[in-house]
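# Understanding the architecture of this molecule
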Amino acid sequence: MSLIAEILPVQHIELDVEISSKKRLFEEIGALLEKESGLSGTHVFECLFQREKLGSTGLGQGVAIPHGRHASVKKAVGAFIRCKEPVAFDAADGKPVSLVFALLVPENATGEHLEVLSKLAGKFSSKSVREALMSAQTPEEVSAIFSAE
């Protein structure tokens, strides 16, 4: 199993979610991880929001990887949301984002944090992967895309 697949269970994947802003996106991620992983939705939101203040986590090409470290996180956890309509995200290329992979890691997990971010950036750099994620019909299809090495 790939590192990404290990931290992204199928129940952490939502497709075609109606999101109106970056703030609402972070709230949705918080609600999803609270429901599925028992993390505090407020802590998730604050963690992602604080990191975003340092600079946009929008990679470009319609992709963002909001991420952060938090004391309440015991092991790396991910969530994937495909937005129904692209959301303004202050990405380097100025384009809004539709594909969002949120990553939370324990406060002291620097190596793992960087490794997962690197793998995600590599995955999202592939146009065919982005297209497959945009056309996936089910969370299971998304999971299979992230599981492929």
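A brief report on the enclosed structure follows. (Residues numbered from 1 in each chain as written. Predicted model: local features only at pLDDT ≥ 70, side-chain atom pairs only at ≥ 80, totals over all residues. Heavy atoms only, no water.)

## Notes on the overall build of the protein
Counted only if it meets this: A run of H or I in DSSP becomes a helix once it reaches four residues, and a run of E becomes a strand once it reaches two; helices and strands are each numbered from the N terminus. In this description the radius of gyration comes from C-alpha coordinates, and the expected globular size is given by 2.2 Å times residues to the power 0.38. Throughout, a contact is declared for two residues whenever any of their heavy atoms are within 4.5 Å. In summary, the charge assignment counts Lys and Arg as positive and Asp and Glu as negative, without counting His or the chain termini. The atom standing in for a charge is NZ when the residue is Lys, CZ when it is Arg, CG when it is Asp and CD when it is Glu.
A count of helices and strands for the protein gives 6 helices and 6 strands. Relative to the compact-globule value of 15 Å for 149 residues, the protein shows a C-alpha radius of gyration of 14 Å, a close match. Projecting the C-alpha coordinates of the protein onto the three principal axes gives extents of approximately 35 × 35 × 25 Å. In the protein, 69% of the contacts between residues at least 6 apart in sequence involve partners at least 24 apart. Seen as two clouds, the 16 positive and the 20 negative side-chain charges of the protein have centres 4 Å apart.

## Side note on the side chain of Thr-57
Considering the arrangement of structural elements, one finds Thr-57 in the loop between α3 (41–54) and β2 (58–60). Ignoring sequence-local partners within four residues, the contact set of Thr-57 consists of Arg-51, Glu-52, Ala-64, Ile-65, Pro-66, His-67 and Phe-89.

## Description of the state of the cysteines
Heads up, the rule is: Defined by distance alone, a disulfide is two cysteine sulfur atoms within 2.5 Å. Type-normalised accessible area, obtained with a 1.4 Å probe on protein chains alone, sets the label of each residue: buried when under 20%, exposed when over 50%, and partly exposed for intermediate values.
This structure, assessed with the given rule, holds 0 disulfides. Free of any disulfide, Cys-47 has its nearest neighbouring cysteine sulfur in Cys-83, separated by 19 Å. Among the residues examined, Cys-47 registers a relative accessible area of 8% and is labelled buried. Residue class for Cys-83 comes out buried when judged on its relative accessible area of 2%.

## So, the pairing of strand β5 (residues 77–87)
Convention followed: Two strands are said to pair when DSSP picks up at least two bridges between them.
Of all 11 residues in β5, 8 are buried, a share of seventy percent or more. Judged from the 7 bridges that link them, β5 and strand β6 (residues 97–106) form a sheet pairing that is antiparallel. Considered in β6, the bridge of Val-87 is made with Val-97.

## Description of the packing of aromatic side chains
Using the following cut-off: What counts as a ring pair is set by centres within 6.5 Å for rings of Phe, Tyr and Trp (its six-membered ring), and what kind of pair is set by the plane angle: stacked under 30 degrees, edge-to-face over 60, tilted for all other angles. The criterion is that NZ of a Lys, or CZ of an Arg, lies within 6 Å of the ring centre and within 35 degrees of the ring normal, and then a charge sits over that ring.
Summed over all chains, the structure comprises 5 aromatic pairs. Judged by centre distance (6.2 Å) and plane angle (80 degrees), the rings of Phe-26 and Phe-89 are edge-to-face. Of this pair, Phe-26 sits in helix α2 (residues 22–37) while Phe-89 sits in the loop between β5 and β6, and the two are 63 residues apart along the sequence. The exposure class of Phe-89 is buried, given its relative accessible area of 1%. Judged by centre distance (5.4 Å) and plane angle (15 degrees), the rings of Phe-45 and Phe-49 are stacked. Taken together, the residues Phe-45 and Phe-49, both in helix α3 and 4 residues apart, mark about one turn of the helix. Residue class for Phe-49 comes out partly exposed when judged on its relative accessible area of 31%. Connected via pairs of aromatic rings, a cluster forms that spans Phe-80, Phe-101, Phe-124 and Phe-146. Directly above the ring of Phe-89 sits Lys-22, whose terminal nitrogen or CZ lies 4.6 Å from the centroid.

## Observations concerning the packing of helix α5 (residues 127–135) against helix α6 (residues 139–147)
Filter applied, for reference: The convention used is that axes are lines fitted to C-alpha atoms, helices contributing only their stretch in contact, and that angles between N-to-C directions extend from 0 to 180 degrees. Here is the rule for angles: anything less than 35 degrees is roughly parallel, anything more than 145 is roughly antiparallel, 65 through 115 is roughly perpendicular, and the remaining ranges are oblique. Crossing handedness is defined as follows: a turn of the near helix away from the far one that is anticlockwise and smaller than a right angle gives a left-handed crossing, while the clockwise case is right-handed.
Relative to each other, α5 and α6 sit at 165 degrees, their axes nearing to 9 Å. Taken as axis vectors, α5 and α6 run roughly antiparallel relative to one another. In the crossing of α5 with α6, the sense of the turn from one axis to the other is left-handed. The residues of α6 that touch α5, namely those facing Val-129, Ala-132 and Leu-133, are Val-142, Ile-145 and Phe-146.

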